[in-house]
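Geometric and topological summary
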Amino acid sequence: MQTQEYLEEEPQVAPARTSGAGRRILWLLLALAVVAGLVFAKMKYFPAPEAKGGKGAGGKGKAAAGGPAKAGPGLPVEVYVVKATNLADAVAATGSVLAEEAVVIKSEVAGKITNLNLREGQPVRKGQVLVSINSADIQAALRKQQYNIKLYQDQEKRQRTLLDKEYISAQEYEQANNQLLTARAELGALQATLARSTIRAPFDGVLGLTTATVGTYVSPGTEITTLSKVKPVKVEFAVPGRFARQVAVGEAVTITDESSSQKYKAKVYALDPQIDPVSRTQTVRARYANTNNELRPGAFVKVNLELGQTEGALQVPTEAVVPEAAGYSVYLVKNGKMEPRKINIGLRSNQLIQVTDGLAVGDTVIRTGILQVKPGDAVQITNK
C-alpha cells in the first residue's frame with residue numbers, strides 16, 4: 001500500500017518541476033531577444049561617429065577631425081601692432097558761425113511808420129535812414145520851445161542890464177537866467193526825441209526780414225527788422241580745459257562747413273579768460289574774412305585747431321580701447337593668450353587714439369572680438 005501511494009504521487013511532482021524550469025528558460029530567451037533588439041537598433045539608427053564616414057572613415061573622418069586642428073585653438077581675432085608715428089596735435093570741436101555785429105532794429109518812440117526804407121536781405125550803409133515814424137507832435141513842441149527860448153533870452157538880457165545898474169537883486173537875475181537854461185534843456189530833450197523817430201543803420205550790414213509796412217503803429221520796443229554784419233564772421237567753439245594753455249591768439253584753425261564740406265582757414269582772435277565750471281571747457285573765437293559770403297551766421301561747422309606735432313607718438317584704433325570706471329584698457333596678445341593692460345590716453349580722432357602710457361612699440365593689441373574674450377583665453381590671430 002505504501003508503494004502504491006509512492007507510484008501515484010510521483011507523476012504529480014515531476015510535471016510541476018518541469019513547468020518551473022521551462023518558464024525560466026522562456027524568460028531568459030525573451031531577455032536575450034530584447035538585448036539583441038536594442039543592440040541592433042543602436043547599430044542601425046545610432047551608429048558611432050566613426051561609422052558615418054563608412055569606408056572613407058579612415059580618410060574623410062580623419063580630414064574632418066583634422067580640420068579644427070589646422071585652424072588652431074582659441075577665438076579668432078584681428079590685431080594691431082603698435083608702432084611709433086608722428087602725431088599732429090590738434091583738437092577737433094564743433095562750433096557756430098556768428099555775425100561780426102548783429103542788432104535787432106526796434107522803435108524807441110510810439111507812432112505810425114511814415115517812411116519804410118527797408119529792402120529785405122539787402123546791404124545798407126552806416127547812417128542810412130531805415131524807418132521814419134510820425135513826429136508831427138514832437139516837431140510842434142519843438143517850435144513852441146524855440147519861441148519860449150527867444151522870450152527867455154530877451155528877459156535874461158534885460159535882467160542882466162538891470163543887475164549891472166543895481167536896479168534888481170542877483171536873485172531876481174538868477175531866476176530869469178534859470179528859466180532860459182531850463183528851456184534850452186527841454187529843447188535838447190525834444191530834439192533827441194525827434195532824432196529817435198528816425199531810425200538809421202548803426203553800421204554797414206545786411207538787413208533781415210520784416211513784417212512792418214507804412215502805416216504800421218509801433219510802440220517803444222517794437223521789433224522791426226534785424227541788421228547783421230557778415231564780412232567778416234566769427235566762429236565760436238569750445239576746447240577741453242586741459243588744452244587751455246596750448247591755445248593762443250593767432251593760432252590757425254581749419255573750419256569745415258557741414259552743408260558743403262568746404263574747408264576754410266581762420267585765426268583765433270579772442271579767448272574766454274574763464275573755464276566753464278560745468279563743461280570744463282574754454283570758449284574760443286576765431287575770425288574768417290567771409291569775402292564771398294561762404295559762411296552764414298547760425299551755421300554749424302567743424303573746427304580743427306592745430307597745436308603742434310608730437311614725434312614718436314603711439315596710437316591704437318579707437319575700437320581697441322575699452323572704457324572702464326577707473327580709466328581705459330586694451331587687450332594684448334601675449335604667448336597666444338589675452339592679457340588686459342591699463343593705459344592713459346591723449347589726443348583722439350575718429351579712427352585713432354593716442355596712448356601716452358601703458359604700451360610700447362611692438363605690442364600686439366586686439367581690435368576685434370574684445371567682448372567675447374576673457375583674460376587668459378587663447379586667441380588666434382587672423383590678420384597679418
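Everything below is about the structure shown above.
Worth saying up front: this structure is predicted, and the values here are computed from it rather than measured. (Residues numbered from 1 in each chain as written. Predicted model: local features only at pLDDT ≥ 70, side-chain atom pairs only at ≥ 80, totals over all residues. Heavy atoms only, no water.)

**Quick notes on the packing of helix α3 (residues 136–164) against helix α4 (residues 170–196)**
Direction vectors running N to C along α3 and α4 enclose 160 degrees, while the axes themselves pass 8 Å from each other. With respect to each other, α3 and α4 are oriented roughly antiparallel. As for how α3 packs across α4, the hand of that crossing is left-handed. Grouping the constituent residues of the contact of α3 with α4 by class yields 14 nonpolar, ten polar and five charged. (Axes fitted to C-alpha atoms, helices over the stretch in contact; angles between N-to-C directions. Helix = DSSP H or I, 4+ residues; strand = E, 2+ residues; numbered from the N terminus. Parallel < 35°, antiparallel > 145°, perpendicular 65-115°, else oblique. Left-handed = near helix turned anticlockwise from the far one by under 90°. Nonpolar A, V, L, I, M, F, W, Y, C, P; charged D, E, K, R; others polar.)

**Let's talk about the nonpolar core**
Nonpolar side chains tend toward joint burial in soluble globular proteins. Ranked by size, the top nonpolar core spans 26 residues in total, and within it F237, V239, V253, I255, L295, V301 and L305 carry the most contacts. Leaving out residues up to four positions away in the same chain, I255 has contacts with V235, Q262, K263, Y264, A266, L295, V301 and K302. Within the second largest apolar cluster, 16 residues are counted, among which are V109, V124, I199 and L227. (Core = buried A, V, L, I, M, F, W, Y, C linked by side-chain atoms within 4.5 Å. Buried < 20%, exposed > 50% of the residue type's maximum accessible area, 1.4 Å probe, protein only. Contact = heavy atoms within 4.5 Å.)

**Some points on the pairing of strand β13 (residues 281–288)**
Only one face of β13 is covered, namely the one carrying Q282, V284, A286 and Y288; the face carrying T281, T283, R285 and R287 has none of its residues buried. Relative to β13, strand β10 (residues 223–240) runs antiparallel, the two sharing eight bridges. Of the residues in β13, the one forming a bridge with V235 is A286. The sheet contact formed by strand β12 (residues 263–275) and β13 spans five bridges and is antiparallel. If you follow V268 over to β13, its bridge partner there is A286. Following β12, the chain reverses through five residues before pairing antiparallel with β13; R280 in that reversal takes a positive phi of roughly 55 degrees. (Pairing = 2+ DSSP bridges.)

**Looking at α4**
End to end, α4 covers 39 Å across 27 residues, agreeing with the expected 39 Å (1.5 Å per residue, within 8%). For α4, every residue scored as buried is listed here: Y173, A176, L180, A183 and L187. Considering only its buried residues, α4 is in contact with α3. (Expected span 1.5 Å × (residues − 1).)

**What to know about the side chain of S135**
Tracing the sequence through the fold places S135 in the loop between β6 (129–133) and α3. Classification of S135 by relative accessible area gives buried; the value is 12%.

**Structural notes on a nonpolar patch on the surface**
On the surface, I25, L28, L29 and L32 cluster together into a nonpolar patch covering about 420 Å² of accessible area. On the secondary structure map, L29 appears in helix α1 (residues 2–45). (Patch = residues over 30% accessible without salt bridge, like charges linked within 9 Å, V, L, I, M, F, W, Y side chains within 5 Å. Areas by Shrake-Rupley, 256 points an atom, 1.4 Å probe, with all protein chains shown as cover. Salt bridge = Lys/Arg side-chain N within 4 Å of Asp/Glu carboxyl O.)

**A short note on the packing of aromatic side chains**
Applying the stated criterion to the full structure yields one aromatic pair. Note on Y264 and Y288: the rings are 5.3 Å apart at their centroids and 50 degrees apart in plane angle, and the pair reads as tilted. With Y264 in strand β12 and Y288 in strand β13, the pair connects residues that are 24 residues apart, well separated along the chain. Exposure class is identical for Y264 and Y288. Each is buried. Cation over ring: R287 sits above Y269, and NZ or CZ is 3.9 Å from the ring centre. (Phe/Tyr/Trp six-rings, centres within 6.5 Å; stacked < 30°, edge-to-face > 60°. Lys NZ or Arg CZ within 6 Å of the ring centre and 35° of its normal.)

**Considering the environment of L307**
Among the secondary structure elements, L307 is positioned in strand β14 (residues 300–317). Residues L307 and A90, 217 residues apart in the sequence, show an inter-C-alpha distance of 5.4 Å.

**Considerations on the side chain of K234**
Here K234 lies in strand β10. E100 provides the closest opposite charge to the buried, unpaired K234, separated from it by 4.8 Å. A distance of 3.4 Å separates a polar side-chain atom of K234 from the backbone oxygen of E100. (Lys, Arg positive; Asp, Glu negative; His and termini not counted. Polar contact = N/O pair within 3.5 Å; in protein donor to acceptor, adjacent residues only side chain to side chain.)

**A word on the sheet that holds strand β7 (residues 198–200)**
Spatially, β7-β6-β4-β9 is the arrangement adopted by the four strands of the open sheet, whose pairing is antiparallel. Every interior strand has two partners, whereas the edge strands, β7 and β9 (217–218), have only one. Across three bridges, the pairing between strand β4 (residues 111–116) and β6 is antiparallel. From the neighbouring strand, L116 faces β6, where its bridge partner is V131.

**Considering unusual backbone geometry**
Residue P232 is reached from K231 by a cis peptide bond, and omega for that bond is 0 degrees. Secondary-structure assignment places P232 in strand β10. At R280, a position not held by glycine, the phi torsion is positive, near 55 degrees. Tracing the sequence through the fold places R280 in the loop between β12 and β13.

**Quick notes on α3**
Taking 1.5 Å per residue as the helical rise, α3 with its 29 residues ought to reach 42 Å, and the 42 Å between its terminal C-alpha atoms agrees with that figure. Where α3 is buried, its residues meet α4. Immediately beyond the C-terminal end of α3, within one or two residues, lies E166, with a positive phi of roughly 60 degrees.

**Thoughts on the pattern of salt bridges**
The final tally for this structure, using the stated rule, is twelve salt bridges. Linking R125 and D204 is a salt bridge whose minimum nitrogen-to-oxygen distance equals 3.5 Å. Placement of the pair is R125 in the loop between β5 (123–124) and β6 and D204 in the loop between β7 and β8 (205–207), with a sequence separation of 79 residues. Accessibility expressed as a relative area gives 29% for D204, which makes it partly exposed.

**Here's the deal with the pairing of β4**
With two bridges connecting them, β4 and β9 associate as antiparallel partners. Bridging from a neighbouring strand, K112 pairs with Y217 of β9.

Honestly, it's all geometry; don't read function into it.
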